[in-house]
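# An overview of the molecular structure
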Amino acid sequence: MKAFGADATTIQAVLFDLDGTLIDSAPDLGHAANLMRVARGLPELPLALYRPMAGAGARGMIGVAFADGGYTPEHPDFPALRAEFLDHYERCMRERTVVFEGVPDLLASLQGRGLAWGVVTNKIERFTLPLTAGMPLFNSARAIVSGDTTPHPKPHPAPLLEAARRLGLLPAHCVYVGDDERDIVAGKAAGMRTVAATYGYLGAKADATAWGADAAIEHPQELLDLLA
C-alpha cells in the first residue's frame, strides 16, 4: 500500500464498487444459483465454490452451478438460465448479504473529513436500487450509478463520469475503489485515482498487482491511510 501523499489534498470524493467492495453479496448470489440446481434435482454446492466468481454476476454463478454444461454467454440456453437466475436472486438478494467489516466506520470517517462518497456498480438498477434502499448504510451516499444507468457499463468510464457529474466534481478529484480489474480500467480511463480492494472477489487467478491501480488495500479502513 502506498499513500497518495500531497495528492490526497485534492481528493473530494471516494466512489466504490458495490459487490465485493462494500457488501458481501456472495451468499445470496450462491443461494440463487443453488436454487437452480435444486430445481433440477442436483445437490447444493458450498459457498466457497461460488465466492471467487461472485464478481462475475449471473455469468459467474451459472458457470459454477453448471460447470459441465459449458453455459457461456454465447450458449443458446444462456439467456433463459440468466433470466431464471436473476428471478431467484431478486427474491433473496437481501436475505444473506452483509456489509464488509470496517466499511461503516470507513464511510463515517470519510464524511467526518468532509469527503463525499458514492457507488458505481455494474449491477443493474433492478437490483441496485432496492438493495441499497433497504440498507441504512447507503442513506448517506451522494450518488448511486448502476450498470444500466449509462449506455455503457464498466470497464467503460461512462458510469464513473456520470457519478462525478452527479457529485458536481471533476473526475481528477475522485478516487475509485473496486475489487475487479474492470474497476481499475474504468477508473483510470475516467481520470480518477484508483484503489484495488484485495479483500473482495478477486477470483482464483486474479493478480491485482497487474491491474495498474494507484494503490491496493487489504481492509476497507486502510483507505484512510492513503488519504492521510
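Before reading further, recall that the structure is shown in the block above.
Described in the following lines is the structure provided in the data block. Computed from a predicted structure; not experimentally measured.

What you see with strand β1 (residues 13–16) is no split at all: Ala 13 and Leu 15 on one side and Val 14 and Phe 16 on the other are buried throughout. Where β1 meets strand β4 (residues 116–120), four bridges bridge the pair, whose relative direction is parallel. Of the residues in β4, the one forming a bridge with Val 14 is Trp 117. Note: β1 against strand β6 (residues 174–178), four bridges, orientation parallel. Counted as the bridge partner of Leu 15 is Tyr 176 from β6.

Cis geometry is found at the peptide bond from Lys 154 to Pro 155, where omega equals 20°. Tracing the backbone through its elements, the reader meets Pro 155 in the loop between β5 (143–145) and α7 (158–167).

Every buried residue of helix α6 (residues 125–133) is accounted for by Phe 127, Thr 128, Leu 131 and Thr 132. Taken around the axis of α6, the buried residues stretch over an arc of 105°, which confines them to a single face. Close packing links the buried residues of α6 with β2 (23–24), α4 (78–92) and β5.

The interhelical angle for the contact between helix α3 (residues 57–65) and α4, taken along N-to-C directions, is 100°, at an axis separation of 10 Å. Taken as axis vectors, α3 and α4 run roughly perpendicular relative to one another. Residues Ala 58, Arg 59, Met 61 and Ile 62 of α3 form the contact with α4, whose own contacting residues are Phe 78, Leu 81, Arg 82, Phe 85 and Leu 86. Here the contact of α3 with α4 is composed, by residue class, of seven nonpolar, no polar and two charged.

Among the five residues in β6, five count as buried, and that is most of the element. Burial of the side chains of β6 extends over both faces: Cys 174, Tyr 176 and Gly 178 are buried on one face and Val 175 and Val 177 on the other. Two strands pair when backbone bridges link them, and β6 and strand β7 (residues 193–197) are joined in this way by four bridges, in the parallel orientation. Bridged to Tyr 176 within β7 is Thr 194. Running through helix α8 (residues 181–189), the crossover from β6 to the neighbouring parallel element β7 is right-handed.

For the rest of this paragraph, the subject is the sheet that holds β4. Hydrogen bonds between backbone groups are what pair the strands of a sheet, and the pairing can be parallel or antiparallel. Strand order across the open sheet formed by six strands is β5-β4-β1-β6-β7-β8, with parallel pairing between neighbours. The open sheet has two edge strands, β5 and β8 (215–217), and neither has a second partner. For this sheet the average axis-to-axis angle between neighbouring strands, irrespective of direction, equals 20°. The sheet strands contacting helix α5 (residues 103–112) are β1 and β4, and the helix crosses β1 at an angle near 155°. Strand contacts of α8: β6 and β7, with the helix running at about 170° to β7, the strand carrying the most contacts.

To continue, consider the packing of helix α1 (residues 26–39) against α4. The relative placement of two packed helices is expressed as an angle between their axes plus a distance between the axes. Running from amino to carboxyl end, α1 crosses α4 at an angle of 125°, the nearest separation of the two axes being 8 Å. Taken as axis vectors, α1 and α4 run oblique relative to one another. The two elements α1 and α4 cross, and the hand of that crossing is right-handed. Together, Asp 28, Leu 29, His 31, Ala 32, Ala 33, Leu 35 and Met 36 of α1 and Leu 81, Glu 84, Phe 85, His 88, Tyr 89 and Cys 92 of α4 make up the contact between the two elements. In terms of residue class, the contact of α1 with α4 is built from nine nonpolar, two polar and two charged.

Along the chain, the position of Asp 28 falls in helix α1. A polar atom in the side chain of Asp 28 sits 2.7 Å from the side chain of Thr 97. Residues within four places of Asp 28 in sequence aside, it is in contact with Tyr 89, Cys 92, Met 93, Arg 94, Glu 95, Arg 96 and Thr 97.

Analysis parameters
- All residue numbers here refer to positions counted from 1 along the written sequence of the relevant chain.
- Local features in this predicted model are restricted to residues of pLDDT 70 or higher, and side-chain atom pairs are both shown and tallied only at a pLDDT of 80 or more, whereas totals for entire chains, interfaces and linings draw on every residue.
- Side-chain numbers here rest on the full set of heavy atoms in the structure, without hydrogens or water.
- The cut-offs for exposure are 20% and 50% of the maximum accessible area for each residue type, with area from a 1.4 Å probe on protein chains only; residues under the lower value are buried, those over the upper are exposed, and the others partly exposed.
- Helix and strand definitions follow DSSP, with helices as H or I runs of at least four residues and strands as E runs of at least two, each counted in order from the N terminus.
- Two strands pair if DSSP finds at least two bridges between them.
- The arc in question is the one spanned by the directions pointing from the helix axis to the C-beta atoms.
- Whether two residues are in contact is decided by their heavy atoms: any pair within 4.5 Å suffices.
- The axes are straight lines fitted to the C-alpha atoms, using for helices just the contacting stretch, and the angles between their N-to-C directions are given from 0 to 180°.
- Every angle not falling under 35 degrees, over 145, or within 65 to 115 is termed oblique; those three ranges are roughly parallel, roughly antiparallel and roughly perpendicular.
- Residue polarity follows a fixed list, in which Ala, Val, Leu, Ile, Met, Phe, Trp, Tyr, Cys and Pro are nonpolar, Asp, Glu, Lys and Arg are charged, and the others, Gly among them, are polar.
- By definition, the crossover connecting two strands over a helix is right-handed if that path, from the first strand to the second, turns clockwise as seen with the strands pointing away from the viewer.
- In this scheme, a crossing is called left-handed if the near helix is turned counterclockwise away from the far one by less than a right angle; it is called right-handed if the turn is clockwise.
- Polar contact is defined as a pair of N or O atoms within 3.5 Å, subject to the rule that within protein one atom must be able to donate a hydrogen and the other to accept it, and that residues adjacent in sequence are counted only when both atoms are side-chain atoms.

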